[in-house]
Amino acid sequence: MKLISCHIENFGKLSNVDLDFKTGLNDICKDNGWGKSTLGAFIRCMFYGLEGSRKKVYAENERTMYQPWNGGFFGGSLSFEVGGKEYTIERDFGKKDKDMTFKILDSKTGLESKDFSEVPGEEIFGVDRESFMRTAFISSSDIRYEGINSSIGAKVGSVSQKGDLENYDRAAAEIASFLNENSPRRKTGELSKYKESIAQLERDISTSEDLDKRLKDVRANKEKEEEKLRRLEDKNKEIRELGSLKTEVDSLERSLDTLPKADTSRLRVLEDVFKNGVPEEKTVSENIDKINSIQGLISKNENLEMLIETEEEAAEQAAQNNKGRNSISPVPGVLALILGIAAIIIAFVLGGTIKVAAIIIGALLAVIGVVVLCISLTSKNAPAPAAGGVGIDKYKQNIKANNEDIRRMESDIKDFLKNYGIQYSRLDAENCLYDLKAKAKEFNDLKKMNDSSAESTQSLRKELDAKKEKLEAYLEAHPGLDMNSGSEEFSQEQSDSRNVIARYEHEIQEILEGMDMLQEQKDSLAEMKEKQEQLAKQYEIVEKTGEFLQRAKENFVAEYMSPVKDAFDKYYSIMTGNLDPKEFRIDANMNIERKEEGSYHNIEAQSTGYSAMIGLCIRLALLDVMYDNEKPAVVMDDPLSGLDARNMAGAKKFLDEISKDYQVIYLSCR
């Protein structure tokens, strides 16, 4: 299998990136922060999709980690060759899983291919995502070797089609889960729970023999406590009734002390003002209206006097304008008009040759008469000097009438104010009336309050006397009580007594339920012991099955240890120059140990540099054994960054060697 090229539209910080891959070693050297690790993740995700989309932890959710920084299209394409054919994967990872799109094209035809599913990595490499990360995808962060899983074991044994080892993990996990859930040694195990439940049932049954005696004793104690409570309630009732009577008496006495009282000093002052009687509000308002009417009439008179003065001045001016004007008499005009008409009539009567001349002369005389008459009439109709007598007289009559109304209304107001010792003055009469109106209202309110207070005092005093008599009678009927008796102490005793009775009732209920459940407990105990015995037998069988399954796996894998060990020794000698095959050993579980100071130790104790070299060698050894024909491309995200200068030369030889058999994509900043 070989990678050909890739186009990253947007993936994490990478945007619009195009890369071509060659056979052998591809050294992609970029500065820190360029996105080399993101490129490696892009290649992995194109084959296996995104992981952890539902996880909340950022580092475990690849969708969150690699969302485009610029918010654009999330995805790209990857071209590769496998089995002699070229394909192109196109993915849009989308904002959510449901939005993701995937297709794989045949590069030769450009048509969509059905050779692979949406997770082509599993079909191309023959391993799941986890196995791919443990072998063909190597980064500096997880270079340490962490063993194999069943998928890798199946590939190593070339039995992946049979599925035996691939199913081992699931079977082993189910066995382990069953044993954990039912363990007799774990507190949460079912067998442990059965044991505890059986012991508890046996204790409960053993303590249930005296239930009848307990029930009789508790009922007797409850009856005694109920009798005590009845006595307390009767006593407390008497105290409450006495307290209620005392409270009513105290309340009535406080009400008497707090009754509102009128201001008697002010009331006496106002009584002196209204010794001749309190005026009605309507009467005062009518007098205020008269004041307003007087002011209106005064204003009218002032306007009338101005009109009189204006007309007198106009008449005087007109008289001066008409002096020297002569009138024209109408008599000549009338005579000329009559003569003209007579001449015309005679002309029509006489006829003859003088008819025309008579008509002309008559017409001329008539015209002259009309003109003279018009001039005369115009002279007579010219405006004469205004005497002014009619308008001025009318104005003076109105003034006289208004003054009579003013005198009449002022007389009424003077008589009204005199009743209350107020001297009339046109200037402040209105203010005096408003003040009188306010005092009348104040007097009426004070008098009403005083009358009401007296009535309320009499009523309360009568009610108070009746309550005091009732209180004295109650004390005589209950000689054991006094005015200082309180109910707090008795109320607390009653509360305590009720609590005791409630506990007795609860205990009686528990005893009755215990008596009802006793036989059920005995039946349950027998049933539980039977189930415990059955589960214990099943547990023993499953436990033995797990042991046999583990032994079978170890025996199966042991047959394929030798080729893995040989490949590991080969790569380790290339990288370090060490040719001792006994320096390392690999057990049936593919665990690696290194010999130091005469004994073998787990490789977890090695330094970072040695762990990196061991991890690389075992991964390539597994790849050699897992893939006989189609070799996968190996993606390395700078796993050699922790090596010192002495080991770096061997590491470069190692890269040169593996690039003969594998296409290597090596990402580094150096």
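Quick note: structure is the one above.
About the criteria used
Residues numbered from 1 in each chain as written. Predicted model: local features only at pLDDT ≥ 70, side-chain atom pairs only at ≥ 80, totals over all residues. Heavy atoms only, no water. Pairing = 2+ DSSP bridges. Helix = DSSP H or I, 4+ residues; strand = E, 2+ residues; numbered from the N terminus. Axes fitted to C-alpha atoms, helices over the stretch in contact; angles between N-to-C directions. Contact = heavy atoms within 4.5 Å. 1 Å grid on protein atoms, 1.4 Å probe; cavity = no way out; pocket = protein on both sides within 12 Å on 5 of 7 lines; lining within 4 Å. Points joined across faces, edges and corners; volume = space filled by probe spheres on them. Nonpolar A, V, L, I, M, F, W, Y, C, P; charged D, E, K, R; others polar. Salt bridge = Lys/Arg side-chain N within 4 Å of Asp/Glu carboxyl O. Buried < 20%, exposed > 50% of the residue type's maximum accessible area, 1.4 Å probe, protein only. Phe/Tyr/Trp six-rings, centres within 6.5 Å; stacked < 30°, edge-to-face > 60°.

Trainee: I'm lost on the pairing of strand 1 (residues 2–11) in this one. Help?
Mentor: Here is the key point about a regular strand: its side chains alternate between the two faces of the sheet. Across seven bridges, strand 1 lies against strand 4 (residues 75–82) in antiparallel orientation. Residue isoleucine 8 lies in a different strand from strand 4, and its bridge partner there is glycine 76.

Trainee: Help me understand the sheet that holds strand 9 (residues 592–596) in this model?
Mentor: Paired through backbone hydrogen bonds, the strands of a sheet run either parallel or antiparallel to each other. An order of 8-9-10 is seen for the three strands of this open sheet, with the pairing classed as antiparallel. With partners counted over all chains shown, the strands left at the sheet margins are strand 8 (584–586) and strand 10 (599–602), one partner each. On average, each strand axis in the sheet is tilted by 35° relative to the strand beside it, whichever way the strands run. The sheet contact formed by strand 8 and strand 9 spans three bridges and is antiparallel. Across the sheet, the residue bridging to phenylalanine 584 is arginine 594, located in strand 9. Helix 16 (residues 561–576) rests against strand 8 and strand 9 of the sheet, and its axis sits at about 155° to strand 8.

Trainee: Please clarify how the sheet that holds strand 7 (residues 137–139) should be interpreted in this entry.
Mentor: As summarised here, the arrangement of the four strands in space is 3-12-11-7, forming an open sheet in which the pairing is parallel. Each of the sheet's edge strands pairs with one partner strand only, and the pair in question is strand 3 (25–29) and strand 7. Within this sheet the neighbouring strands show an average axis-to-axis angle of 15°, counted without direction. Pairing geometry for strand 11 (residues 634–637) and strand 12 (residues 664–668), over four bridges, is parallel. In the sheet register, valine 634 faces strand 12, and the bridge partner there is valine 664. The strands that helix 1 (residues 36–48) touches are strand 3, strand 7, strand 11 and strand 12; relative to strand 12, the one it contacts most, it runs at about 150°. Here helix 17 (residues 608–626) sits on the sheet in contact with strand 7 and strand 11, set at roughly 175° to strand 7.

Trainee: Please clarify how empty space enclosed by the protein should be interpreted in this entry.
Mentor: Gaps left between atoms show up when a probe the size of a water molecule is rolled over them. Under the counting rule described, the total for this entry stands at one cavity of 30 Å³ or more. Space inside the largest cavity adds up to approximately 40 Å³. Forming the boundary of the largest cavity are Met1, Leu3, Ile43, Phe47, Phe125, Phe132, Ala633 and Val635. Within the lining of the largest cavity, the residues separate by chemical class into eight nonpolar, no polar and no charged.

Trainee: Just checking my understanding: could you explain the pattern of salt bridges for this structure?
Mentor: When charged atoms on two side chains of opposite charge get close, those side chains can pair. The tally for this structure, following the rule as stated, stands at 34 salt bridges. The partner of aspartate 445 in a salt bridge is lysine 441, and the shortest N-O contact between them spans 3.0 Å. Of this pair, aspartate 445 and lysine 441 both sit in helix 14 (residues 429–477), four residues apart, roughly one helical turn. Aspartate 445 sits in the partly exposed class, given a relative accessible area of 37%. A salt bridge links arginine 585 to glutamate 593; the nearest nitrogen and oxygen atoms lie 2.8 Å apart. Taken together, the salt bridges that share partners define one network made up of Arg44, Glu51, Glu62 and Arg129.

Trainee: For this particular structure, what's the right way to read the packing of aromatic side chains?
Mentor: Each pair of aromatic rings is reported with the distance of its centres and the angle of its planes. The full count for this structure, using the stated rule, is 21 aromatic pairs. The interplanar angle of 55° and the centroid separation of 5.8 Å between the aromatic rings of phenylalanine 11 and phenylalanine 93 together place this pair among those described as tilted. Remark: phenylalanine 93 occurs in the loop between strand 5 (85–92) and strand 6 (101–106) and phenylalanine 11 occurs in strand 1; sequence separation between them is 82 residues. Grouping residues by exposure puts phenylalanine 11 and phenylalanine 93 together as buried. Here phenylalanine 568 and tyrosine 572 contribute two aromatic rings whose centre-to-centre distance is 5.8 Å and whose plane-to-plane angle is 15°, an arrangement assigned as stacked. Residue phenylalanine 568 and its partner tyrosine 572 are located together in helix 16, separated by four residues, close to a single helical turn. In this pair, the class of phenylalanine 568 matches that of tyrosine 572, namely buried.

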